[in-house]
Amino acid sequence: MKFTKETLVTAFALFSMFFGAGNLILPPYLGYNAGESWNWVILGFAVSAVIIPILGIVAHARLQGTMLDFGKKVHPVFSLVYCILVYLISIALPAPRTASVTYEMGIVPYLDWSSLTFSTIYFGLVLVFALNRSHILDLLGKYLTPLLIMMLIMIIGVAAFGIFEDAKPGTLKNPFGEGLLEGYQTFDAIGAVVVGAVLVISLNLKNHNDYAHKKKLIAQGGILAGLGLLLIYAGLIYVGNLYSNVETVSSRTDLLSFISYDTLGSGGRIMLSGLIGLACFTTAVGIVTGTADFVKGLLKNYKYAYLTTAILGCILGVAIGQFNVDFIIAIAVPALYFIYPVTIILILLNVIPQKFASHKVFRGVIIATILFSIPDFINSLGIDNLNNFREVLPLGNLGLAWLIPAVIIFIGVNVFEKINSSEPKNEDDN
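Residues numbered from 1 in each chain as written. Predicted model: local features only at pLDDT ≥ 70, side-chain atom pairs only at ≥ 80, totals over all residues. Heavy atoms only, no water.

Asker: Is there a simple way to explain the overall build of the protein in this structure?
Answerer: The secondary structure content of the protein amounts to 17 helices and 0 strands. Here the protein has a C-alpha radius of gyration of 22 Å; the compact-globule value for 430 residues is 22 Å, and the two agree. Judged by the C-alpha coordinates and their principal axes, the protein covers about 90 × 55 × 45 Å. Put simply, the protein has 430 residues, and 53% of those count as buried. Counting only contacts in the protein whose residues sit at least 6 apart along the sequence, the fraction spanning at least 24 positions is 82%. Split by element, the accessible area of the protein, about 19,200 Å² in all, is 66% carbon and sulfur. (Helix = DSSP H or I, 4+ residues; strand = E, 2+ residues; numbered from the N terminus. Rg over C-alpha atoms; globule rule 2.2 N^0.38 Å. Buried < 20%, exposed > 50% of the residue type's maximum accessible area, 1.4 Å probe, protein only. Contact = heavy atoms within 4.5 Å. Areas by Shrake-Rupley, 256 points an atom, 1.4 Å probe, with all protein chains shown as cover.)

The following block contains the structure:
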């Protein structure tokens, strides 16, 4: 497979828009708690934070439309409601979280700035990048991402060749399942349907009108970005596991800060500050840009729609960014249990051959997914009324009670349609 310079730039841009706050602070802490099962954690995390998101990019390569195309086979109204929910969640949770993480780990140790001052400057810069819409791929792909990857490799490389005691016993009851569910917190499946649309529009702005060329470019860029994400996640989880005997760690950010200091010294913390700033900033740019694109398309390209949405998104980011990281992560859990299963199913249905993904298949599988996600969603709110029902469902203890019913409905509807289409039609004897 031959990769052009344009493919590499696209891959770097995708990597940078995916790799944000959660992608940096979640993997090491998973490895820290995994014990000898860190390889299972990597596998679970890779499913939800790498494989599904990259399939989302591949789906965009096929559709080459907007996010509305992802759910249109269910019903136009469903598609509209789904898209609005995704963009509201994206602009209200992961985007502000990027500012909160950057402030706590990259600003507080060095500068006596208030959270409000920093968030205002941070989202002011996000707005500048978002308004330079036609240059976003080059800005992210040529300059910011290579520097980001270089910093990550340095921290992982130095730690990997250190001398450590054997890992302490793990505390995760189901390493694969908990790795998979922790991958939800990266928001990368949701990110795929958001930033994939950004990518399509960016290529259109660069006068790429050849469907086949765009499909190849997006798909290859997505695969390369996925391989990069997998290597970085695996490295961060492994490094976190190496430090599992450190007793002073009390949170995700504490562990990452300790690792950076232990591997690269006092300069490591400064480097980590830059790393966090780059990782979080590029993700925030992708989210604000994608949301503004969506609203602009929804309002029939009204000339002030993009600008107004970008400004409001940044103002919201400043407001919610005042909360600490742990609080934002906690309030994100119910939203993720509600929207993530539907997002995963929509991605998969848009990737498989269309002969197996009719309108009836879409509708049946999505209805089953929503219904069997309700127990997990209610449980995430701290309400245990349906907990007994949830526990008896296949994979319910993993937070995946929706998966088996979705597969059964998928197979059942396809078999029904196949049988129905093969039945001979009644002929008029006259």
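The discussion continues.
Asker: Which parts of the structure should I look at to understand empty space enclosed by the protein?
Answerer: Rolled over the atoms, a probe with the dimensions of a water molecule shows which regions are left empty. One pass over the full model with this rule turns up 2 cavities of 30 Å³ or more. Volume-wise, the largest cavity comes out at about 140 Å³. Around the largest cavity, the lining comprises 18 residues; the ones closest to its centre are P94, T186, F187, T283 and I287. Residue assignment for the lining of the largest cavity shows that the elements contributing at least two residues are α1 (5-18), α2 (21-34), α5 (94-107), α9 (188-205) and α12 (266-298). By residue number, the principal contributor to the lining of the largest cavity is α9, which donates 4 residues. Class assignment of the residues belonging to the lining of the largest cavity gives a composition of 8 nonpolar, 8 polar and 2 charged. (1 Å grid on protein atoms, 1.4 Å probe; cavity = no way out; pocket = protein on both sides within 12 Å on 5 of 7 lines; lining within 4 Å. Points joined across faces, edges and corners; volume = space filled by probe spheres on them. Nonpolar A, V, L, I, M, F, W, Y, C, P; charged D, E, K, R; others polar.)

Asker: Hey, could you run me through helix α15 (residues 359-380) in this one?
Answerer: Residues separated by three or four positions in an α-helix point in the same direction, a consequence of the helix having 3.6 residues per turn. When the terminal C-alpha atoms of α15 are compared, their 31 Å separation across 22 residues agrees well with the 32 Å that a helix rising 1.5 Å per residue should span. Within α15, the axis deviates most sharply at I374, by approximately 35 degrees, and proline P375 lies no more than four positions further along. Regarding α15, the residues found buried are V361, F362, V365, I366, A368, T369, S373, P375, D376 and I378. Just downstream of α15 lies G382, where phi reads positive at about 90 degrees. (Expected span 1.5 Å × (residues − 1). Bend = angle between axes of the 7 residues up to and from the residue.)

Asker: Just checking my understanding: could you explain the state of the cysteines for this structure?
Answerer: Such a bond, covalent and formed between the sulfur atoms of two cysteines, is termed a disulfide. Under the defined criterion, the tally for this structure stands at 0 disulfides. Looking at C280, it has no disulfide partner, and the nearest cysteine sulfur is the one in C314, 15 Å off. Given the relative accessible area of 0%, C280 is considered buried. (Disulfide = S-S within 2.5 Å.)

Asker: So what exactly am I meant to see when it comes to unusual backbone geometry here?
Answerer: For residues other than glycine, phi is negative in most cases, and the peptide bonds are mostly trans. Unlike most non-glycine residues, K300 shows phi in positive territory, near 60 degrees. Here K300 is to be found in the loop between α12 and α13 (305-320). On the accessibility criterion, K300 (73% relative accessible area) is exposed. For N301, which is not a glycine, the phi torsion comes out positive at approximately 60 degrees. If you trace the backbone, N301 turns up in the loop between α12 and α13. Overall, N301 belongs to the exposed group, its relative accessible area being 54%.

Asker: What am I meant to see in the packing of aromatic side chains here?
Answerer: Given two aromatic rings, one states the distance between the centres and the angle between the planes to describe the pair. Applying the stated rule across the entire model yields 16 aromatic pairs. Considering the side-chain rings of Y122 and F123, the 5.1 Å spacing of their centres and the 80 degrees angle between planes classify their relative orientation as edge-to-face. The same class applies to Y122 as to F123, namely buried. Through pairs of rings, three or more aromatic residues link up here, namely Y103, F118, Y122, F123, F129 and F281. (Phe/Tyr/Trp six-rings, centres within 6.5 Å; stacked < 30°, edge-to-face > 60°.)

Asker: Even after reading the chapter, I still don't get the packing of helix α3 (residues 38-63) against helix α10 (residues 211-242), so can you show me in this structure?
Answerer: Helices that pack against each other are described as a pair by the angle of their axes relative to one another and the distance between those axes. Viewed as axis vectors pointing N to C, α3 and α10 meet at an angle of 165 degrees, and their least axial separation amounts to 9 Å. Of the possible angle classes, the one that applies to α3 and α10 is roughly antiparallel. Note on packing geometry: the crossing formed by α3 with α10 is right-handed. Split into classes, the residues belonging to the contact of α3 with α10 amount to 21 nonpolar, 3 polar and 2 charged. (Axes fitted to C-alpha atoms, helices over the stretch in contact; angles between N-to-C directions. Parallel < 35°, antiparallel > 145°, perpendicular 65-115°, else oblique. Left-handed = near helix turned anticlockwise from the far one by under 90°.)

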